[in-house]
Amino acid sequence: MSDIEIRDDRAAGRLEAIADGEVVGHIEYFVLEAPERALVPVHTIVEPAHEGKGIAGSLARELYGIAKREGIVVAPLCPYVVKWAERHPEEAPAADPELRRAAKAWLAAHPDRF
């Protein structure tokens, strides 16, 4: 398999892993504005033919990298990203529980978004 390129499509709320010109995995997310700005991953999906190659972990790592570069936090709702963050606390600081509650409320108020 060739190298994976990761591309942030902020307008679509997708962080995409691309190999050989095709999307092989992605994280769907939204940007929470209040009570503070945060990236909120909701789903992580890797195409079955590409599972087990570290793509989901690369996507999670890059999401936290983007947040760090932007000076904001990640408030994960995606079960995969939650577990990845627990395994990598040095790269994935825990979000304030209030921020996660606000993210859940936003998601509940926008049921057609995901």
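Residues numbered from 1 in each chain as written. Predicted model: local features only at pLDDT ≥ 70, side-chain atom pairs only at ≥ 80, totals over all residues. Heavy atoms only, no water.

Caption draft 1: Structural context of helix α2 (residues 79-87). Those residues of α2 that sit buried are Val81, Val82, Trp84 and Ala85. With its buried residues spanning 165° around the axis, α2 presents them on a single face. Facing away from the buried side of α2, by more than 90 degrees, are the exposed residues Pro79, Lys83, Glu86 and Arg87. Buried-residue contacts for α2 involve β3 (22-32), β4 (38-46), α1 (55-70) and α3 (97-109). (Buried < 20%, exposed > 50% of the residue type's maximum accessible area, 1.4 Å probe, protein only. Helix = DSSP H or I, 4+ residues; strand = E, 2+ residues; numbered from the N terminus. Arc of directions from axis to C-beta. Contact = heavy atoms within 4.5 Å.)

Caption draft 2: Looking closely at the pairing of β4. Sheet topology note: the β3/β4 ladder contains eight bridges and is antiparallel. Residue leucine 32 lies in a different strand from β4, and its bridge partner there is alanine 38. Relative to strand β5 (residues 73-74), β4 is paired through two bridges, and the arrangement is parallel. Looking at the pairing, leucine 39 lines up with valine 74 of β5. (Pairing = 2+ DSSP bridges.)

Caption draft 3: Structural context of the pattern of salt bridges. One pass over the full model with this rule turns up eight salt bridges. The salt bridge partner of glutamate 16 is arginine 7, with a shortest N-O separation of 2.7 Å. By relative accessible area, which is 39% here, arginine 7 ends up partly exposed. Notably, a salt bridge pairs glutamate 33 with arginine 37, separated by 2.5 Å at the nearest N-O pair. Overall, the relative accessible area of 34% leaves arginine 37 in the partly exposed class. (Salt bridge = Lys/Arg side-chain N within 4 Å of Asp/Glu carboxyl O.)

Caption draft 4: The arrangement of the environment of isoleucine 66 in detail. In this structure, isoleucine 66 sits in helix α1. The spatial distance from the C-alpha of isoleucine 66 to the C-alpha of leucine 39 is 9.0 Å, given a sequence separation of 27 residues.

Caption draft 5: Highlighting the environment of glutamate 5. Residue placement: glutamate 5 occurs in strand β1 (residues 5-9). Glutamate 5 sits 13 residues away from isoleucine 18 along the chain, and the two C-alpha atoms are 5.1 Å apart. Setting aside residues no more than four positions away along its own chain, glutamate 5 makes contact with Glu16, Ala17 and Ile18.

Caption draft 6: Quick look at the pairing of β1. Strand direction decides the pairing type here: β1 and strand β2 (residues 14-19), joined by five bridges, are antiparallel. Looking at β2, one finds that glutamate 5 is bridged to isoleucine 18. If you look at the hairpin formed by β1 and β2, you'll find four residues sitting between the two strands, and glycine 13 has a positive phi there, around 70°.

Caption draft 7: Here's a closer look at the sheet that holds β1. A sheet is described by the order of its strands in space; here five strands give the open sequence β1-β2-β3-β4-β5, paired in mixed fashion. Bordering the open sheet on either side are β1 and β5, each of which pairs with just one other strand.

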